[in-house]
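# Survey of secondary and tertiary structure
Listed below are the residues making up each chain.
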Amino acid sequence: MATQDRLIESTQELLWERGYVGTSPKAIQQRSGVGQGSMYHHFTGKPDLAAAALRRSAEQMRAVAEADLAGPGTAFERIAAYLHRERDVLRGCRIGRMAQDPDVVADPQLRAPVEETFDWLRGRIAGLIAEGQAAGELGAAADPADTAAAVVAVVQGGYVLARAADSAEPFEQAVRGALGLLAAHRAD
């Protein structure tokens, strides 16, 4: 693996585990096995490297979500596939956890991949809901944008509840509830 990729991958993991403040250049160097000179050859500093790591995490999250959302089946089945996909629930969401980090939220460069990813996800799910409505699968009563925002909030809130309980069950319960609510809007 190239030095730059090792640095980015190590930073992704450390940001997920420790947050921005807890991710020191020294920790990045130790995790990646890369020296200080090489680190600063590729990146101007910690903010630049963290931004690259957040962009990569965002790209990876979008790719994984898109695989479910673009898969086979009805709109409802694809949303269900996204909600039911295997996740490391107790670790939380790589991107969602960054939205809770005050240093990330305060820095427009660091916040941008987080904001863009959630905007994309809400838009992608809203599009699926509208597709389901157009196909007569879902009733027209539910607003696609509002419903998509609720689905994304269920996932992110489910992570928080699971971490608080040290159990995946609250996440699974939230998913079941969201799918039950979405199923209630199925066209008959």
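Data block above holds the structure.
An account of the accompanying structure is given in this report. (Residues numbered from 1 in each chain as written. Predicted model: local features only at pLDDT ≥ 70, side-chain atom pairs only at ≥ 80, totals over all residues. Heavy atoms only, no water.)

## Topic: the packing of aromatic side chains
Across all of its chains, the model carries 1 aromatic pair by this definition. With a centroid separation of 5.1 Å and 40° between ring planes, the pair formed by Tyr159 and Phe171 is classed as tilted. Of this pair, Tyr159 sits in helix H9 (residues 144-165) while Phe171 sits in helix H10 (residues 169-183), and the two are 12 residues apart along the sequence. An identical accessibility class is assigned to Tyr159 and Phe171; each is buried. Directly above the aromatic system of Tyr20 lies the positively charged group of Lys46, at a separation of 4.1 Å from the ring centroid. Stacked on the ring of Trp16, the Lys or Arg Arg91 has its end atom at 3.6 Å from the ring centre. (Phe/Tyr/Trp six-rings, centres within 6.5 Å; stacked < 30°, edge-to-face > 60°. Helix = DSSP H or I, 4+ residues; strand = E, 2+ residues; numbered from the N terminus. Buried < 20%, exposed > 50% of the residue type's maximum accessible area, 1.4 Å probe, protein only. Lys NZ or Arg CZ within 6 Å of the ring centre and 35° of its normal.)

## Some thoughts on the environment of His41
Among the secondary structure elements, His41 is positioned in helix H3 (residues 36-42). The class for His41 is exposed, based on a relative accessible area of 63%.

## Structural notes on the packing of H9 against H10
For any two helices packed against each other, the geometry is given by the interaxial angle and the distance between the axes. Closest axis-to-axis distance for the H9/H10 pair is 7 Å, and the angle between their directions is 160°. By the angle class used here, H9 and H10 are roughly antiparallel. As H9 runs across H10, the sense of the crossing is right-handed. Contact with H9, carried on its side by Thr147, Val154, Val155, Gly158, Tyr159, Leu161, Ala162 and Ala165, involves Pro170, Phe171, Ala174, Val175, Ala178 and Leu182 of H10 and no other residues of that element. Looking at the contact of H9 with H10 residue by residue, the class counts come to 12 nonpolar, 2 polar and no charged. (Axes fitted to C-alpha atoms, helices over the stretch in contact; angles between N-to-C directions. Parallel < 35°, antiparallel > 145°, perpendicular 65-115°, else oblique. Left-handed = near helix turned anticlockwise from the far one by under 90°. Contact = heavy atoms within 4.5 Å. Nonpolar A, V, L, I, M, F, W, Y, C, P; charged D, E, K, R; others polar.)

## What about the pattern of salt bridges?
Scanning the entire structure with this criterion turns up 11 salt bridges. Between Arg91 and Glu13 there is a salt bridge, with its nearest N and O atoms 3.2 Å apart. Here Glu13 lies in helix H1 (residues 3-18) and Arg91 lies in the loop between helix H5 (75-84) and helix H6 (94-99), a separation of 78 residues in the sequence. Its relative accessible area of 26% is what places Arg91 among the partly exposed residues. The closest approach of N and O atoms between Arg94 and Glu13, which form a salt bridge, is 2.6 Å. On the criterion of sequence distance, the pair formed by Arg94 in helix H6 and Glu13 in helix H1 is long-range, its members being 81 residues apart. According to the relative accessible area criterion, Arg94 is partly exposed, its value standing at 22%. (Salt bridge = Lys/Arg side-chain N within 4 Å of Asp/Glu carboxyl O.)

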